[in-house]
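# Per-entry structural report
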Amino acid sequence: ALYGGSAYKQIQTGVEDSFGPSVTAGYLRTKLSQFNTAGRVSLREEDGVQVLAIQSESDGALYETRIYMNDGKLMENYERADTPFAPLGGIQIASLSACRFSLEADGLFTAEIESLDGTVTRASFAVAQGGGL
C-alpha cells in the first residue's frame, strides 16, 4: 500500500506539473481574446511585480483584469482601473515557478510559463494594437 501510494503521488505530481502550464496558456489566450480591442492590453511593473492589465468598461466605468505572479502563484484581480495595485486578495490561477510576459510593438503577446518542475511552455497571442493587427 505504501509503494502504491508513493507511486500515485509521483504520477499526480507529474500530471499537475504539466497540467498547470497548459491550463495557464489556455487561460491567458482566452482572457486576451475576450478583450482584444486596440489599446486595452498593456504590461507594467507595480512595486517590482510584472502586471498584465486588460481593460474593459462596465456602466461607463473603466475596469482592469490584472494578472501577475505572487509567491509562486499566478493570480488575477478584477477591479476599477483607478484602484491602486495590491497583490493580495486575488484569485489563484495556477501554481508555477515563474510566468513572464512580453508585448511587442506590433502586438505579439508572449507568456513564458515555467512549471514547478522547471518545464517551460510558451503561449503567444496577436493583440490588436492601434489597428496594426
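First, a word on what this report is: a plain description of the structure on this page. Since we're looking at a predicted model, the values are computed, not measured.

### Quick look at the pairing of strand β4 (residues 73-80)
- For strand β3 (residues 61-70) and β4, the ladder comprises eight bridges, and the chain directions are antiparallel. The residue bridging tyrosine 68 from the neighbouring strand is methionine 75, located in β4.
- Hairpin connection, β3 to β4: the antiparallel pair is bridged by two residues, and aspartate 71 has positive phi, about 50°.
- Looking at chain direction, β4 and strand β5 (residues 91-95) are connected through four bridges and run antiparallel. Paired with lysine 73 across the bridge in β5 is serine 95.

### Remarks on the sheet that holds strand β7 (residues 108-114)
- Strand order in the open sheet formed by three strands is β6-β7-β8, and the pairing between neighbours is antiparallel. At either end of the open sheet lies a strand with only one pairing partner, and these are β6 (98-103) and β8 (120-126). Between one strand and the next, the sheet's axes are offset by a mean angle of 15°, whatever the strand orientation.
- Bridge count between β7 and β8: seven bridges; the pairing is antiparallel. Bridge pairing links phenylalanine 109 to phenylalanine 125 in β8.

### Remarks on the packing of aromatic side chains
- Counted by the stated rule, this structure contains three aromatic pairs.
- Arranged with centres 5.0 Å apart and planes meeting at 90°, the rings of tyrosine 68 and phenylalanine 85 form a pair that is edge-to-face. On the criterion of sequence distance, the pair formed by tyrosine 68 in strand β3 and phenylalanine 85 in the loop between β4 and β5 is long-range, its members being 17 residues apart.
- For phenylalanine 85, a relative accessible area of 10% translates into the label buried.
- Look at phenylalanine 101 and phenylalanine 109: their rings are 5.6 Å apart centre to centre, the planes differ by 35°, and that puts the pair in the tilted class.

Thresholds, definitions, all that
Residues numbered from 1 in each chain as written. Predicted model: local features only at pLDDT ≥ 70, side-chain atom pairs only at ≥ 80, totals over all residues. Heavy atoms only, no water. Pairing = 2+ DSSP bridges. Helix = DSSP H or I, 4+ residues; strand = E, 2+ residues; numbered from the N terminus. Axes fitted to C-alpha atoms, helices over the stretch in contact; angles between N-to-C directions. Phe/Tyr/Trp six-rings, centres within 6.5 Å; stacked < 30°, edge-to-face > 60°. Buried < 20%, exposed > 50% of the residue type's maximum accessible area, 1.4 Å probe, protein only.

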